[in-house]
Amino acid sequence: MTATPHLRLAIDIGGTFTDTVLVEGEETILASTKTLTTHQNPADGAMEGAARVMAQTGRALSEVTGFIHGTTLATNALIERRGARVATICTEGFRDILDIGYERRYSQYDINLEKPDLLVPREHSLVIRERMSADGEVLIPLDEGAVDGLLAQIDATGAGALAICLMHAYANPAHELRLREILAEKRPEITVSISSEVSPEAREFDRLCTTVANAYIQPLMESYLARFVAQFEAEGVTCPILMMTAGGGMCTVQTAARFPIRLVESGPAGGAILAARIAARAGLEEVLSFDVGGTTAKLCLIDKARPQTSRAFEIARAARFIKGSGMPVRIPVIEMIEIGAGGGSIAGVDRLGRLTVGPKSAGSEPGPVAFMRGGTDPTVTDSDITLGYIVPDTFAEGHIKLDPEGSKEALTRVIGSKLDTDAVGSADGVSRIVDESMASAGRMHAVESGKDLGPRTMIAFGGNGPLHASRVARSAGVSRIVIPPNPGVGSAVGFLFAPVSFEIVRSRYSLLNSMDMDGVNGLFDAMIAEAKGVVAQGAGDAPTETLRTAFMRYNGQGHEIEITLPDRALTGDDIAPLTAAFEEEYRKQFSRPVPGMEIEILNWAVRVATRDSAVPPVPATPTLTTIKPNGTRPITCDVDGKAKDAAFVARADLKPGDHVPGPALIHEPQTTTLVSADFSAHLDAIGNLVLVKAPSSREAVGETKNVQKGGAK
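Residues numbered from 1 in each chain as written. Predicted model: local features only at pLDDT ≥ 70, side-chain atom pairs only at ≥ 80, totals over all residues. Heavy atoms only, no water.

What to know about the overall build of the protein chain
And step 1. For the protein chain, the count of helices and strands is 17 helices and 36 strands.
And step 2. Computed over its C-alpha atoms, the radius of gyration of the protein chain comes to 27 Å, within 12% of the 27 Å expected for a compact globule of 713 residues.
And step 3. Projected onto its principal axes, the C-alpha coordinates of the protein chain cover approximately 80 × 70 × 65 Å.
And step 4. Considering the protein chain as a whole, with its 713 residues, one finds that 55% of them fall into the buried category.
And step 5. Residue pairs at least 24 apart in sequence account for 68% of intrachain contacts in the protein chain once pairs closer than 6 positions are excluded.
And step 6. Here the protein chain displays about 30100 Å² of accessible surface, and carbon together with sulfur accounts for 51% of that area.
And step 7. Side-chain charges in the protein chain split into 70 positive and 88 negative, and the spacing between the mean points of these groups amounts to 4 Å. (Helix = DSSP H or I, 4+ residues; strand = E, 2+ residues; numbered from the N terminus. Rg over C-alpha atoms; globule rule 2.2 N^0.38 Å. Buried < 20%, exposed > 50% of the residue type's maximum accessible area, 1.4 Å probe, protein only. Contact = heavy atoms within 4.5 Å. Areas by Shrake-Rupley, 256 points an atom, 1.4 Å probe, with all protein chains shown as cover. Lys, Arg positive; Asp, Glu negative; His and termini not counted. Charge placed at Lys NZ, Arg CZ, Asp CG, Glu CD.)

Written out as structure tokens, the structure reads:
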């Protein structure tokens, strides 16, 4: 008897839309849909999407055997400051960790500098007498007799959550654990986060900030996740619900409720996972992931089918692109740049007469003017409608009716009247500004990473990614774009390919040449056991793989380089190859190693994950055949600003090898791909839409000269 393929459901709740995908087996997409996000109770919009895909396929929620969920709720709560009131408890003498920070200004000469909002005012920063050494030795015992006085101070703050960060608790968490135990007994209604669990690493400022952020959103996320699970269980879901994490893995709802900070940026992480899988199938070495939704645009660099990762990022920067102006958080993340540029980004004219777009978004409530839900400010979506790029008849599967005249009126009223232009001119200006903003963000991200966008293939998805891809690619110098099937719900599709995983980092200082091998191996054994226990909650006895890493630096330096370790116990024979590996990586980043310097290790990390399924390669694309479109639509050309007729093609009607020259609009249920006049599109063997930029006349002349020169040889 043939086994019934697994039925898996993925739901991604964004700032504007909630994306839902139903998959059978490994990757057969049965149905997908987009619904407006219901901010009052996000689970309602998720339930609407689930009900819709189930109705489309005639299946029931009780048949679902795998359920993955990602949400922007944690991110938005931090950015919009909608979390709990938090008080901190630190070691006596270290009350001002948050105020002191890094002891530097992120913009040294700005006399009007706005300090990052670190969520906890000084009057809510409390202390208790205790002290650990960096080796974990108790120097001053925890003063349990002072807890009653501490409780009175906590009550006075009105805090609903506590962030405990005691000195060197990463080396010995005994005092933090005991203090939490006492507080849980005496104030069970208060949520408590401890740094030795949330971020057990050296550097007390980063550790405290991460713990504060976790405590700030923990009550909100615990309540939300409990309601979400209960609502779906009431409708028949019996399988565990797994949560997407910022690092590109999955964890259980229980783990997510304890460490909600790991859910920050979980939706965009799913998109990066999808782009990495597409890159692996297509054999693409260098990729730029381009994900544009209703609220933000996310760009990620992917090399050799692996997204760029980091162990730190900043939340809610006071100055958008200046490092150090936000709240530092140390968790495993897929590194990407995110800007407030999406379909809902609001356009206007500032007091200096300049056209501006974003970062403020209309979201889903009230949404763009065209949605007829009470929005009055023009948005990027209103501009795309006015330029003819979005066709009302095919938008959002017909579930959302559009008012094009309302878009034109808003553009003329808010922008055209102030800049002496009409609705089309206003829309063209909005489009060019938002596209250049996204391209600039991509270029900046690449430069900061020491990489070039030119040779990369852009993989575009999200509700607005395909619509803006060719315009952004042109500005960023990218000449090839891949748009996967079901791009409008790309992040949710990516959830289904993410491994169940958990990563742990511990600080333990060692000099490489005199390392305590037994101590380090014991540390790894404990971390691996803990990580496997978390993964088993979501993956059962599925086979896993373990990645061990060390964060190394020259003695006395301030920052580390991540070096992969063998997945086994370390021995003295590993010192020489680890030295060589560190110096090689140091050479790549800083041109040359420093001879004669001792190497030290500050942090050790382990990541346990279920094994990735094999990725089959993409077959060769059949010979291209230019098709004749069934119809055309009038658009304003993004290349020269003139009115033109664009081919209007249903993606479902294309077959592998079909070629569509630009300008063209290739529409599908959740999004539309704009093929600019200087691009052409074709469908590859597995249904990816591939856009290729035609060389400019100057480039074509250069290519001709190179061919002639080559022929002469």
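Quick look at the pairing of strand β36 (residues 689–693)
And step 1. Sheet analysis places strand β24 (residues 480–483) next to β36, joined by four bridges and oriented antiparallel. Each bridged residue has a counterpart across the sheet, and for Ile481 the counterpart in β36 is Leu691.
And step 2. Sheet topology places strand β35 (residues 679–683) next to β36; five bridges connect them, and they run antiparallel. If you follow His682 over to β36, its bridge partner there is Val690.
And step 3. Counting the residues that bridge the hairpin from β35 to β36 gives five residues, and of these Gly687 lies at a positive phi of roughly 95°. (Pairing = 2+ DSSP bridges.)

Some points on the pairing of strand β5 (residues 86–91)
And step 1. In terms of residue burial, β5 counts as a mostly covered element, since six of its six residues are buried.
And step 2. Where β5 lies against strand β9 (residues 161–165), five bridges are found, and the strand directions are parallel. Each bridged residue has a counterpart across the sheet, and for Thr88 the counterpart in β9 is Ala163.
And step 3. The pairing of β5 with strand β6 (residues 125–128) spans four bridges and is parallel. In the strand pairing of β6, Thr91 is matched with Ile128.

Digging into the packing of aromatic side chains
And step 1. Enumeration over the complete set of coordinates arrives at 13 aromatic pairs.
And step 2. Ring centres of Phe228 and Phe232 lie 4.8 Å apart, and the angle between their planes is 35°; on these two criteria the pair is classed as tilted. Within this pair, Phe228 and its partner Phe232 are both found in helix α7 (residues 204–234), separated by four residues, close to a single helical turn. Of the two residues, Phe228 and Phe232, both sit in the buried class.
And step 3. Look at Tyr554 and Tyr586: their rings are 4.8 Å apart centre to centre, the planes differ by 70°, and that puts the pair in the edge-to-face class. Of this pair, Tyr554 sits in strand β26 (residues 544–554) while Tyr586 sits in helix α16 (residues 575–590), and the two are 32 residues apart along the sequence. (Phe/Tyr/Trp six-rings, centres within 6.5 Å; stacked < 30°, edge-to-face > 60°.)

Comments concerning the sheet that holds strand β34 (residues 671–675)
And step 1. Pairing within the open sheet is mixed, and its four strands lie in the order β30-β31-β33-β34. If you trace the sheet from one side to the other, it starts and ends with β30 (631–636) and β34, each paired once. Each strand axis lies, on average, 30° off the axis of its neighbour in the sheet, ignoring direction.
And step 2. By the bridge criterion, four bridges tie strand β31 (residues 643–650) to strand β33 (residues 664–668) in an arrangement that is parallel. If you follow Val649 over to β33, its bridge partner there is Ile666. (Axes fitted to C-alpha atoms, helices over the stretch in contact; angles between N-to-C directions.)

Some details on α7
And step 1. Taking 1.5 Å of rise per residue, the 31 residues of α7 would be expected to cover 45 Å, and the 43 Å separating its terminal C-alpha atoms lies within 8% of that figure.
And step 2. Within two residues after α7, Gly236 carries a phi angle of roughly 115°, on the positive side. (Expected span 1.5 Å × (residues − 1).)

Structural notes on the packing of helix α4 (residues 147–157) against helix α5 (residues 174–186)
And step 1. Between α4 and α5, the shortest axis-to-axis distance is 12 Å and the interhelical angle comes to 60°. Put simply, α4 runs oblique to α5. For the pair α4 and α5, the sense of crossing is right-handed. In contact with Val147, Asp148, Leu150, Leu151 and Ile154 of α4, α5 contributes Leu179, Ile182, Leu183 and Lys186.
And step 2. Split into classes, the residues belonging to the contact of α4 with α5 amount to seven nonpolar, no polar and two charged. (Parallel < 35°, antiparallel > 145°, perpendicular 65-115°, else oblique. Left-handed = near helix turned anticlockwise from the far one by under 90°. Nonpolar A, V, L, I, M, F, W, Y, C, P; charged D, E, K, R; others polar.)

Notes on the nonpolar core
And step 1. Judged by nonpolar contacts, the single largest core of 127 residues is most densely connected at Leu9, Phe67, Phe232 and Trp604.
And step 2. The element contributing the most residues to this core is α7, with 14 residues.
And step 3. Those residues in contact with Phe232, other than ones at most four positions away along the chain, are Ile11, Ala46, Met47, Ala50, Leu61, Phe67, Val237 and Ile241.
And step 4. Residues Val391, Ala439, Leu674 and Val675 belong to the second largest nonpolar core, which totals 65 residues. (Core = buried A, V, L, I, M, F, W, Y, C linked by side-chain atoms within 4.5 Å.)

Here we look at the sheet that holds β26
Strands belonging to one sheet form pairs held by backbone hydrogen bonds; the direction of such a pair is parallel or antiparallel.
And step 1. As summarised here, the arrangement of the four strands in space is β25-β28-β26-β27, forming an open sheet in which the pairing is antiparallel. Every interior strand has two partners, whereas the edge strands, β25 (501–511) and β27 (561–565), have only one. Across the sheet, the mean angle from the axis of one strand to that of its neighbour is 25°, orientation sign disregarded.
And step 2. Bridging between β26 and β27 involves five bridges; their strand directions are antiparallel.

Overview of the environment of Gly572
And step 1. When you line up the elements, Gly572 lands in the loop between β27 and α16.
And step 2. Judged by relative accessible area, Gly572 falls into the partly exposed class, the value being 48%.
And step 3. Sequence separation between Gly572 and Leu118 is 454 residues; the distance between their C-alpha atoms is 44 Å.

Considerations on helix α9 (residues 266–282)
And step 1. Look at α9: 25 Å from first C-alpha to last across 17 residues, which is about the 24 Å you get at 1.5 Å a residue.
And step 2. Of all 17 residues making up α9, 15 are buried, and the element is well covered by its neighbours.

Some remarks on the pattern of salt bridges
And step 1. Evaluation of the coordinates by the stated rule reveals 37 salt bridges.
And step 2. When the shortest N-O distance is used, the salt bridge between Arg122 and Asp96 registers 2.6 Å. In this pair, Arg122 sits in the loop between α3 (97–100) and β6 while Asp96 sits in the loop between β5 and α3, placing the two residues 26 residues apart along the sequence.
And step 3. Among the residues examined, Arg122 registers a relative accessible area of 39% and is labelled partly exposed.
And step 4. Given a relative accessible area of 25%, Asp96 falls into the partly exposed group. (Salt bridge = Lys/Arg side-chain N within 4 Å of Asp/Glu carboxyl O.)

Concerning the confidence of the model for the protein chain
And step 1. Looking at the protein chain, pLDDT values average 88 and 96% of them are 70 or higher.
And step 2. Scored below 50 in pLDDT, residues 697–713 makes four contacts in the model with residues more than four places away or belonging to other chains. (pLDDT = per-residue confidence, 0-100.)

Considerations on unusual backbone geometry
Leaving glycine out, the prevailing phi sign among residues is negative, and the prevailing peptide bond configuration is trans.
And step 1. Cis geometry marks the peptide bond from Gly662 to Pro663, where omega comes out at 0°.
And step 2. Here Pro663 is to be found in the loop between β32 (658–661) and β33.
And step 3. In this structure, Arg203 takes a positive phi of about 85° despite not being glycine.
And step 4. Checked against the element boundaries, Arg203 lands in the loop between α6 (195–198) and α7.
And step 5. Given the relative accessible area of 25%, Arg203 is considered partly exposed.
And step 6. In this structure, Asn486 is a non-glycine residue whose phi angle is positive, near 50°.

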